[in-house]
Amino acid sequence: MGLRIPLGLVRELMDMTGTIITIVVVVLIAAGVFWLVRQRSAAQARELEDARSEARRWVERLGGQVLNLEGTDDASRQAMADAAERYNAAGSQMDQARSVTQARQVTETAYEGLYYVRAARTAMGLDPGPELPPLPGQQRAGAVSEERDVEVEGHAYSASPNPSDRNRHYYPGGTVAGRPVPQGWYSEPWWRPALIAGAWGVGSMLLFSSMFAGMSGVAYADGFDAGMAYDDAQGDVGADWGGDQGGGMDGGMDGGGFDGGGFDGGGFDGGGMDGGFGGGDF
């Protein structure tokens, strides 16, 4: 007589098997999700550490310039003072950097400082060193291409492609409060109020139009208002900033623009460059 298993027991065994399989599948899925999350977190942590390491490297280089290079005239001293301000700002940003974007902002700030160092060296008649990656909006803003003296609301302003006792305030060029400020040397930093407030006043708009009207190589050479109308029509201020940030900065930083024998050689020294920039010290 054969062994007969009750039908109810068979159903219970089948239910138990299905439950076990379900539990196993759920556990496997949970383990897979946990593994993916850990892998992603580890990758993000590595990316952040790489960005922080890159930023720290440039901040240290800027610090070397600020500590070892002294200006010899008003223009170079002012440029080095601005470089020191950027160095302090980069250090503060570095302490607070908790994301890749923030770390890259530190690198950008250090780049700005190095632009001021480069300007100081130019003012002192020294080799300015290798080209730096463009800052956001810098190429679009253009550069001062001629001497220009204007008077706005009873106040005299001047701009020049070259430093002088009068034009001792350098700006590397870029976007300030959504508008381009050309690279050049100025009698005073008239763009700073907009940089701090995040908006241009009516007087600044008038100054911009008077200063750069008809100047070749400058964005909106036909007037500040024309530039505003253009941007409003195109809606491209944010896009230009993003494009410059991603293409200009990442292309410059990650593409090896500096590391091919520029700054990596050993840093500026106080008396100039040992062996030039091409293969050695900056």
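(A) Spotlight on the overall build of the protein. Tallying secondary structure elements over the protein gives eight helices and six strands in all. Along its sequence from the N terminus, the protein presents helices and strands in the succession α-α-α-α-β-β-β-β-β-β-α-α-α-α. A total of 282 residues make up the protein; the buried ones form 40% of that total. Entry remark: accessible area of the protein is about 14,800 Å², with carbon and sulfur atoms responsible for 55%.

(B) Spatial organisation of the side chain of Ser76. Mapped onto the elements, Ser76 comes out in helix α2 (residues 74-96). Take Ser76: its relative accessible area is 0%, and that puts it in the buried class. A distance of 2.6 Å separates polar atoms of two side chains, one belonging to Ser76 and the other to Asp73. If sequence neighbours within four positions are ignored, Ser76 has contacts with Gly71, Ala120, Ala123 and Met124.

(C) Spatial organisation of the layout of surface pockets. Roughly 470 Å³ of internal volume is contained in the largest pocket. Around the largest pocket, the lining comprises 22 residues; the ones closest to its centre are Arg86, Glu112, Tyr116, Tyr171 and Leu195. Listed by contribution, the elements that provide at least two residues to the lining of the largest pocket are α2, α3 (100-123), β4 (174-176) and α5 (192-197). Each residue belonging to the lining of the largest pocket can be placed in one class, and the counts come to 10 nonpolar, six polar and six charged.

(D) Structural detail: the sheet that holds strand β2 (residues 155-160). The sheet built from four strands is open, its strands ordered β1-β2-β6-β3 with antiparallel pairing. Unpaired on one side and paired on the other, β1 (148-152) and β3 (169-171) mark the two borders of the sheet. Between one strand and the next, the sheet's axes are offset by a mean angle of 25°, whatever the strand orientation. Two elements, β3 and strand β6 (residues 184-186), share three bridges in a ladder whose sense is antiparallel.

(E) Main features of the packing of α2 against α3. Relative to each other, α2 and α3 sit at 165°, their axes nearing to 8 Å. Between α2 and α3, the interaxial angle falls into the category roughly antiparallel. Here α2 runs over α3; the crossing is left-handed. For the pair α2 and α3, the contacting residues are Ala75, Ser76, Ala79, Met80, Asp82, Ala83, Arg86, Ala89, Ala90, Gln93, Met94 and Gln96 in the first and Gln102, Gln105, Val106, Thr109, Ala110, Glu112, Gly113, Tyr116, Val117, Ala119, Ala120 and Ala123 in the second. Residues belonging to the contact of α2 with α3 are distributed by class as follows: 14 nonpolar, seven polar and three charged.

(F) Inspection of the confidence of the model for the protein at higher detail. Per-residue confidence for the protein gives a mean pLDDT of 78, with 74% of residues at or over 70. With pLDDT under 50 throughout, residues 229-282 is counted as low confidence; its partners more than four residues away or in other chains account for 104 contacts.

(G) Summary view of the environment of Tyr116. Turning to its location among the elements, Tyr116 is positioned in helix α3. Measuring from C-alpha to C-alpha, the distance between Tyr116 and Ala79 comes to 5.2 Å, with 37 residues separating the pair along the chain. Those residues within four positions of Tyr116 in sequence are excluded, and the remaining contacts are Ala79, Asp82, Ala83, Arg86, Tyr170, Tyr171 and Pro172.

Conventions we followed
Residues numbered from 1 in each chain as written. Predicted model: local features only at pLDDT ≥ 70, side-chain atom pairs only at ≥ 80, totals over all residues. Heavy atoms only, no water. Helix = DSSP H or I, 4+ residues; strand = E, 2+ residues; numbered from the N terminus. Buried < 20%, exposed > 50% of the residue type's maximum accessible area, 1.4 Å probe, protein only. Areas by Shrake-Rupley, 256 points an atom, 1.4 Å probe, with all protein chains shown as cover. Polar contact = N/O pair within 3.5 Å; in protein donor to acceptor, adjacent residues only side chain to side chain. Contact = heavy atoms within 4.5 Å. 1 Å grid on protein atoms, 1.4 Å probe; cavity = no way out; pocket = protein on both sides within 12 Å on 5 of 7 lines; lining within 4 Å. Points joined across faces, edges and corners; volume = space filled by probe spheres on them. Nonpolar A, V, L, I, M, F, W, Y, C, P; charged D, E, K, R; others polar. Pairing = 2+ DSSP bridges. Axes fitted to C-alpha atoms, helices over the stretch in contact; angles between N-to-C directions. Parallel < 35°, antiparallel > 145°, perpendicular 65-115°, else oblique. Left-handed = near helix turned anticlockwise from the far one by under 90°. pLDDT = per-residue confidence, 0-100.

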